[in-house]
Amino acid sequence: MTLKERILLVLKNGPLSDRELADRILGKGSPQQSVNQACRQLAGKGIISRTEPPIRNILVGEHADIVSPLCEVSNKGLSDSQLQEEAIKDVLNDYLINAGWQTKVAWGGTHGTDIEATRGSERWLIEVKGCGSRNAMRVNYFLSILGEILQRMDDCNAHYSIALPDMQQFRNLWSRLPALAKERTTIDAIFVSETGQIDFVK
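A brief report on the enclosed structure follows. Since we're looking at a predicted model, the values are computed, not measured. (Residues numbered from 1 in each chain as written. Predicted model: local features only at pLDDT ≥ 70, side-chain atom pairs only at ≥ 80, totals over all residues. Heavy atoms only, no water.)

**Some words on the pairing of strand β6 (residues 159–165)**
- Counted residue by residue, β6 has six buried out of seven residues, so it is predominantly covered.
- Both strand β5 (residues 122–128) and β6 contribute to a ladder of five bridges, which runs parallel. Following the sheet pairing, I126 is matched in β6 by S161.
- Traced from β5 through helix α6 (residues 135–151) to β6, the parallel crossover comes out right-handed.
- Note that β6 and strand β7 (residues 188–192) share five bridges and pair parallel. Within β7, the residue paired with I162 across the bridge is A189. (Buried < 20%, exposed > 50% of the residue type's maximum accessible area, 1.4 Å probe, protein only. Helix = DSSP H or I, 4+ residues; strand = E, 2+ residues; numbered from the N terminus. Pairing = 2+ DSSP bridges. Right-handed = clockwise from strand over helix to strand, strands pointing away.)

Written out as structure tokens, the structure reads:
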């Protein structure tokens, strides 16, 4: 279960602050930054509301049964039409937060790296593309995402990845990229399936 799902389940019992959520979900006194970030994203999607300070998180009535587009994505019942960029960002963001990373996500076409994650001294930059609608478009997406991640490579200690829907065409394009190019750039690929499985490929 993802952090966002756990937040929604806990909020089903009544409004709570970020601090109270962190204590219940992550443990007493745990850092609350990941919970704060997840709650702001849930609020941005209209799934919860956040009151004026002192901030309390409230599950919006229509989502009180925990059946929402968010849970459909994080429960990984993704169709091709849902394997778009924002859905893939959401899946990866939940994965990273649950793995202890602090994330900064460029939601809704915001300028900048699609996902920038930090964990202690580690830094991970990920560029994301959705499924597209035609074979030719997917080739363009693949070439475009390679160019985008190369333009982000300004830190020799960072980890760089491209994230794509787990579709055979994208896997073929990645497999045809010369091994020397992958070795020299250190870029790896992340494939996200319709069921929400994440596959990391060198």
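Okay, back to it.
**A short note on the sheet that holds β7**
- Sheet architecture is open: six strands sit in the order β3-β4-β5-β6-β7-β8, paired in mixed fashion. The sheet is open, and its two borders are formed by β3 (102–105) and β8 (198–201), each paired with just one other strand. With strand direction ignored, the average angle separating the axes of adjacent strands in the sheet is 20°.
- As paired elements, β3 and strand β4 (residues 115–119) share four bridges and run antiparallel to each other. Each residue of the ladder has a partner; that of V105, found in β4, is I115.
- Against the sheet, helix α5 (residues 85–98) makes contact with β3, β4, β5, β6, β7 and β8, and its axis sits at roughly 160° relative to β5, the strand it touches most. (Axes fitted to C-alpha atoms, helices over the stretch in contact; angles between N-to-C directions. Contact = heavy atoms within 4.5 Å.)

**Notes on the environment of W174**
- Following the sequence through the fold, W174 ends up in helix α7 (residues 168–176).
- The spacing of W174 and V201 is 27 residues in sequence and 9.1 Å in space, taken between C-alpha atoms.
- Within the structure, the side chain of W174 is placed 3.3 Å from the backbone oxygen of K202, a separation counted as a polar contact. (Polar contact = N/O pair within 3.5 Å; in protein donor to acceptor, adjacent residues only side chain to side chain.)

**Structural notes on the packing of α6 against α7**
- Two elements in contact, α6 and α7, have axes whose closest approach is 10 Å; the angle formed by their N-to-C orientations is 45°. On the basis of the axis angle, α6 is oblique to α7. The two elements α6 and α7 cross, and the hand of that crossing is right-handed. Contacts from N135, R138, V139, Y141 and F142 in α6 reach Q169, F170, L173 and W174 in α7.
- When the residues that make up the contact of α6 with α7 are grouped by side-chain class, the tally is six nonpolar, two polar and one charged. (Parallel < 35°, antiparallel > 145°, perpendicular 65-115°, else oblique. Left-handed = near helix turned anticlockwise from the far one by under 90°. Nonpolar A, V, L, I, M, F, W, Y, C, P; charged D, E, K, R; others polar.)

**Things to note about the packing of helix α1 (residues 3–11) against α5**
- Look at α1 against α5: their axes get within 8 Å of each other, and the N-to-C directions meet at 85°. Between α1 and α5, the angle falls in the class roughly perpendicular. Of α5, the residues touching α1 (which contributes L3, K4 and R6) are D90, N93, D94, I97 and N98.
- The residue makeup of the contact of α1 with α5, split by class, is two nonpolar, two polar and four charged.

**Thoughts on the pattern of salt bridges**
- Within the structure shown, the criterion is met by 18 salt bridges.
- For R50, the salt bridge identified is with D18, shortest N-O distance 3.0 Å. Here R50, found in strand β1 (residues 48–50), pairs with D18, found in helix α2 (residues 18–26); they are 32 residues apart in sequence, far enough to count as distant.
- When its relative accessible area of 22% is taken as the criterion, R50 is described as partly exposed.
- Residue D18 is classed as buried on the basis of its relative accessible area, which comes to 6%.
- Among the charged side chains, a salt-bridge network with shared partners connects E85, E86, K89 and D114. (Salt bridge = Lys/Arg side-chain N within 4 Å of Asp/Glu carboxyl O.)

**A word on the side chain of K129**
- One can find K129 in the loop between β5 and α6.
- By relative accessible area, which is 13% here, K129 ends up buried.
- Within polar-contact distance, the side chain of K129 engages the side chain of E148 at 3.2 Å.
- Setting aside chain neighbours within four positions, we find K129 in contact with E85, I88, Y141, S144, I145, E148, A163, L164 and P165.

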